[in-house]
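Listed below are the residues making up each chain.
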Amino acid sequence: MLGRQSSMAEITVDISMSLDGFVAGPDRTLEAPLGRDGLLLHAWIFGLASWRKQHGLVGGERNADDERVAASLRASGAVVMGRRMWSGGAGPWDDDPNADGWWDDEPPFDVPVFVVTHHPRRAETKGGTPIAFVDGVEAAVEQARTAAGAKNVSIAGGAAVVQQAMRAGLVDELRLHVVPVFLGDGVRLFDGVAGRLRVTEAISSPAVTHLTYRPA
């Protein structure tokens, strides 16, 4: 389940989820990687100043939600993500029509990124961001820890990578951003995960409820 608490840099998960437990909707395609209505899960963040700045945009709202996002970005020294979050694909990279990822030559990350994949691929740098392709979530987290130094490692998703990390006991803090929508079907976050947690923080805004959990 979740990892041990420590005063050292930590492994954190930040992920948006529907009230019925989904982090992506049904009918996912390359054109709609979050499935039907999946973008509703992230509507709360798109207008925030810190998110917009990370994506090369100006302006945006500065509120309690924005403060949480900004603090998470400041604390992160490396990002771990799954293959589907990187490109939406699966299988050999040569067969992936979106192998270079959603962000072309300018990924919206100011820290090294580690993509979990079972298909070998050389590391590269895109827009100044180092990208490594690593076999297995445990190896990816280990490499990310080294790269992050004194900062946290952020596991960004998707669901499969979060599940694998939690089952391996790698996650020190789980931050759920629960959006008041029902998707009805799709990708569940906690399939195959068991254990106990304790709530350390619960904060609501009109658009989302932020729930923070640590080991029980």
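See above for the structure.
Thresholds, definitions, all that
- Residues numbered from 1 in each chain as written.
- Predicted model: local features only at pLDDT ≥ 70, side-chain atom pairs only at ≥ 80, totals over all residues.
- Heavy atoms only, no water.
- Helix = DSSP H or I, 4+ residues; strand = E, 2+ residues; numbered from the N terminus.
- Pairing = 2+ DSSP bridges.
- Axes fitted to C-alpha atoms, helices over the stretch in contact; angles between N-to-C directions.
- Phe/Tyr/Trp six-rings, centres within 6.5 Å; stacked < 30°, edge-to-face > 60°.
- Buried < 20%, exposed > 50% of the residue type's maximum accessible area, 1.4 Å probe, protein only.
- Lys NZ or Arg CZ within 6 Å of the ring centre and 35° of its normal.
- Salt bridge = Lys/Arg side-chain N within 4 Å of Asp/Glu carboxyl O.
- Core = buried A, V, L, I, M, F, W, Y, C linked by side-chain atoms within 4.5 Å.
- Contact = heavy atoms within 4.5 Å.
- Polar contact = N/O pair within 3.5 Å; in protein donor to acceptor, adjacent residues only side chain to side chain.
- Expected span 1.5 Å × (residues − 1).
- Arc of directions from axis to C-beta.

Student: Give a description of unusual backbone geometry that names residues and reports values.
Tutor: In this model, Gly157 is joined to Gly158 through a cis peptide bond whose omega is 0°. Mapped onto the elements of the fold, Gly158 is located in the loop between strand E7 (152–157) and helix H6 (159–167). Even without being a glycine, Asp27 presents a positive backbone phi close to 65°. Along the chain, the position of Asp27 falls in the loop between strand E2 (22–24) and helix H1 (43–46).

Student: Run through the sheet that holds E7, naming residues and quoting values.
Tutor: Strand order in this open sheet of nine strands is E5-E6-E4-E3-E7-E1-E8-E11-E10, and the pairing throughout is mixed. If you trace the sheet from one side to the other, it starts and ends with strand E5 (124–126) and strand E10 (197–204), each paired once. On average, each strand axis in the sheet is tilted by 25° relative to the strand beside it, whichever way the strands run. Bridging between strand E3 (residues 76–82) and strand E4 (residues 113–116) involves four bridges; their strand directions are parallel. Each residue of the ladder has a partner; that of Gly82, found in E4, is Val116.

Student: Could you give an account of the packing of aromatic side chains, naming the residues involved and the relevant values?
Tutor: Enumeration over the complete set of coordinates arrives at five aromatic pairs. With a centroid separation of 5.8 Å and 85° between ring planes, the pair formed by Trp86 and Phe133 is classed as edge-to-face. Taken together, the positions of Trp86 in helix H4 (residues 83–86) and Phe133 in strand E6 (residues 129–134) put the pair 47 residues apart, joining distant regions of the chain. For the pair formed by Trp86 and Phe133, the shared burial category is buried. Following the ring pairs from residue to residue traces out a cluster consisting of Trp86, Trp93, Trp103, Phe109 and Phe133. Its end group placed over the ring of Trp93, Arg83 keeps NZ or CZ at 3.7 Å from the ring centre. Taking the ring centre of Trp93 as reference, the NZ or CZ of Arg121 above it sits at 4.4 Å.

Student: Residue-level account of the pattern of salt bridges, with values.
Tutor: Pairs can form between side chains of opposite charge whenever their charged atoms are close. With the rule as written, the count across this model stands at eleven salt bridges. Close ionic contact of Arg175 with Asp14 constitutes a salt bridge, the shortest N to O distance being 2.9 Å. Highlighted residues: Arg175 in strand E8 (residues 173–179) and Asp14 in strand E1 (residues 11–18), separated in sequence by 161 residues. Overall, the relative accessible area of 14% leaves Arg175 in the buried class. A salt bridge links Lys126 to Asp105, with the shortest nitrogen-to-oxygen separation between them at 3.8 Å. Of this pair, Lys126 sits in strand E5 while Asp105 sits in the loop between H4 and E4, placing them 21 residues apart in sequence. Taken together, the shared-partner salt bridges connect Glu10, Asp14, Glu173, Arg175 and Arg214 into one network.

Student: Mind laying out the nonpolar core, listing which residues take part and the relevant values?
Tutor: One broad trend across soluble globular proteins is that nonpolar side chains are buried collectively. One finds Val80, Phe114, Ile155, Leu176 and Leu189 to be the most contacted residues of the largest nonpolar core, which totals 34 residues. In this view, Val80 contacts Phe114, Val116, Ala140, Val141, Ala144, Val153, Ser154, Ile155, Ala156, Gly157 and Val161; residues no more than four positions away in its chain are not counted.

Student: Let's hear about the side chain of Asp66: which residues, and what values?
Tutor: Tracing the sequence through the fold places Asp66 in helix H3 (residues 64–75). Polar side-chain contacts of Asp66 include one of 3.3 Å to the backbone nitrogen of Ala49. Among the polar contacts made by the side chain of Asp66, one reaches the side chain of Ser50 at a distance of 2.6 Å. Once residues within four sequence positions are removed from consideration, Asp66 is found in contact with Leu48, Ala49, Ser50 and Glu61.

Student: Account for helix H5 (residues 137–148), naming residues and giving values.
Tutor: In this model, H5 (twelve residues) spans 16 Å end to end at C-alpha, consistent with the 16 Å of a helix rising 1.5 Å per residue. Among all positions in H5, only Val137, Ala140, Val141, Ala144 and Ala148 are buried. Considered in projection along H5, the buried side chains sweep an arc of 95° and stay on one side of the axis. Of the exposed residues in H5, those oriented more than 90 degrees away from the buried face are Glu138, Glu142 and Thr146. Looking at the packing, one finds that the buried side of H5 touches E1, E3, E4, E6, E7 and H6. Of the residues one or two after H5, Gly149 is the one with positive phi, at around 65°.

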